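Spelled out from the first residue to the last, the chains are:
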Amino acid sequence: MTNDAAMDKLLRLPLAQATLARAAVDTTNSYLRVTGVALDPAGYSGALPAALLSSLPFLASLSLADNRFHGELPTGVPLPLSLRILDLSGNAFSGAIVRLALRVSSINQNQTRAFSHPGVPVHRPSALQELYLSRNGFSAGVPSQLALLGALTRLELQHNALVGALLRLGVMRSLVHLGVSGNALSGSLLDVPRTLPPSIWPVAARNNSFSRPLSTAMLAALPVVRVLDLIGNVVSDVVLGAALAHLALRWRAYGGLTARRGLT
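What counts and how
- Sequence order as written defines the numbering, with residues in each chain counted from 1.
- Reporting of local features is limited, given that this is a predicted model, to residues whose pLDDT is at least 70; pairs of side-chain atoms are given and counted only at 80 or more, and all residues count toward the totals for whole chains, interfaces and linings.
- Side-chain numbers here rest on the full set of heavy atoms in the structure, without hydrogens or water.
- When DSSP finds at least two bridges between two strands, those strands are taken to pair.
- The way it works is that DSSP assigns letters per residue, a run of H or I at least four long becomes a helix, a run of E at least two long becomes a strand, and they are numbered from the N terminus.
- Put simply, buried Ala, Val, Leu, Ile, Met, Phe, Trp, Tyr and Cys residues joined by side-chain atoms within 4.5 Å make one nonpolar core.
- Only protein chains enter the accessibility calculation, which uses a 1.4 Å probe; a residue whose area is less than 20% of its type maximum is buried, one above 50% is exposed, and one in between is partly exposed.
- Contacts: residue pairs with any heavy atoms within 4.5 Å of one another.
- Any two rings among Phe, Tyr and Trp, with Trp reduced to its six-membered ring, count as a pair given centres within 6.5 Å; such a pair is stacked if its planes are under 30 degrees apart, edge-to-face if over 60, and tilted if neither.
- Salt bridge criterion: a side-chain nitrogen from Lys or Arg within 4 Å of a carboxyl oxygen from Asp or Glu.
- Summary of the metric used: pLDDT quantifies the predictor's per-residue confidence within the range 0 to 100.

1. A few points about the sheet that holds strand S13 (residues 163-165)
Taken in spatial order, the three strands of this open sheet run S13-S15-S17, and their pairing is parallel. A single partner strand is all that each edge strand has here, and the edge strands are S13 and strand S17 (209-210). In the sheet, S13 pairs with strand S15 (residues 184-187) via three bridges, with the strands oriented parallel. Looking at S15, one finds that Val163 is bridged to Ala184.

Next up, the structure:
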């Protein structure tokens, strides 16, 4: 099946199975103004067609969660500039996340007339705010391109086969929720400067291979963090004193020991 045929099949599903939110339908192509696609968890399968991303310039939300989509993600296709939510969790996608072209995109002439010079496209970062890729089979490392997603508030990569060190996410000043549990990530979670942004609130990183103790200074760099879950990693009990000294932290877990404060 071609990419166009695959997208046609997806967009023709009954509304009970695929919700299509449209705004000001274009008279020449009714698909151009589709802003949302959400499939029910009904066992749909197949590869993700590149045309679904490249042919819907106003797409703001795409959810294929909890189905049976598989294979590698399309390569070389930038995310639509309007995309705010991408949920591919609970499928069987594989390969490297970097194939999704998580990078700065160009605005073409069909999408905007905001050009600094005639014929020269304006470059804008992705507006993606929520990225859900958990419970798949993604491998390799966490791609450095994720740091370009400056508007991202929620990143969920749990239960894949990701390896290596966690990239420096400190430049992602909007990031609030981070989930990387159930992978094979290694190194230190906090002792590298700017690994996590100061805006981070919950960190779920259990069942990886993170090592080294956490110090008071490391946790002080995360002033609003309230949940720190490191169960199943290699950290020493030095973390206990640092965690108890943190003013905002209300729940933390590490190794086989859990410390709680302010909970009843």
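On we go.
2. Examining the nonpolar core
Membership of the largest hydrophobic core comes to 57 residues, with the highest contact counts inside it found for Leu166 and Leu189. Only strand S2 (34-39), helix H2 (50-54), helix H3 (216-220) and strand S18 (227-230) provide two or more residues apiece to this core. Setting aside anything within four residues of it in sequence, one finds Leu166 in contact with Val142, Leu178, Val180, Leu185, Ser186, Leu189, Thr195, Leu196 and Phe210.

3. Focus: the sheet that holds strand S11 (residues 137-139)
Taken in spatial order, the four strands make up an open sheet running S3-S5-S7-S11, and their pairing is parallel. Only two strands of the sheet have a single neighbouring strand rather than two, namely strand S3 (45-46) and S11. The pairing of strand S5 (residues 68-72) with strand S7 (residues 92-96) spans three bridges and is classified as parallel. Bridge pairing in S7 links His70 to Ala92.

4. Digging into the packing of aromatic side chains
Per the stated rule, a full pass over the model turns up one aromatic pair. Ring centres of Phe93 and Phe138 lie 6.4 Å apart, and the angle between their planes is 10 degrees; this geometry places the pair in the stacked category. Pair noted here: Phe93 is in strand S7 and Phe138 is in strand S11, with a separation of 45 residues, a long-range link. Classification of Phe93 by relative accessible area gives buried; the value is 0%. Residue Phe138 is classed as buried on the basis of its relative accessible area, which comes to 0%.

5. Concerning unusual backbone geometry
Positive phi outside glycine occurs at Asp66, with the angle close to 60 degrees. Among the secondary structure elements, Asp66 is positioned in the loop between strand S4 (61-63) and S5. Since its relative accessible area comes to 37%, Asp66 is described here as partly exposed. Of note in the backbone geometry, His159 takes a positive phi value of approximately 55 degrees without being a glycine. When you line up the elements, His159 lands in the loop between strand S12 (154-156) and S13.

6. A short note on the pattern of salt bridges
Close approach of charged atoms allows side chains of opposite charge to pair. For the structure shown, the criterion picks out three salt bridges. Arg135 is the partner of Asp66 in a salt bridge, and the nearest nitrogen-oxygen pair spans 2.9 Å. Placement of the pair is Asp66 in the loop between S4 and S5 and Arg135 in the loop between strand S10 (130-132) and S11, with a sequence separation of 69 residues. You can call Arg135 partly exposed: its relative accessible area is 40%. Asp229 is the partner of Arg206 in a salt bridge, and the nearest nitrogen-oxygen pair spans 2.8 Å. Here Asp229 lies in strand S18 and Arg206 lies in the loop between strand S16 (202-204) and S17, a separation of 23 residues in the sequence. Judged by its relative accessible area of 8%, Asp229 falls in the buried class.

7. With respect to the environment of Thr216
If you trace the backbone, Thr216 turns up in helix H3. Accessibility expressed as a relative area gives 47% for Thr216, which makes it partly exposed. Considering only alpha carbons, one finds Thr216 and His246, 30 residues apart in sequence, at a separation of 7.4 Å.

8. Brief notes about the side chain of Ser89
You can see Ser89 is positioned in the loop between strand S6 (85-87) and S7. Since its relative accessible area comes to 6%, Ser89 is described here as buried.

9. Digging into the side chain of Ser63
Within the element layout of this structure, Ser63 appears in strand S4. Judged by relative accessible area, which is 19%, Ser63 ranks as buried. Beyond its immediate chain neighbours, meaning those up to four positions away, Ser63 contacts Val37, Ala38, Leu39 and Asp87.

10. Considering the confidence of the model for the chain
Mean pLDDT over the chain stands at 76; residues scoring 70 or higher make up 68%. Scored below 50 in pLDDT, residues 104-122 shows 30 contacts in the model against residues more than four places distant or in partner chains. In this model, residues 256-264 is a region of pLDDT below 50 whose contacts with residues beyond four sequence positions or in other chains number 19 contacts.

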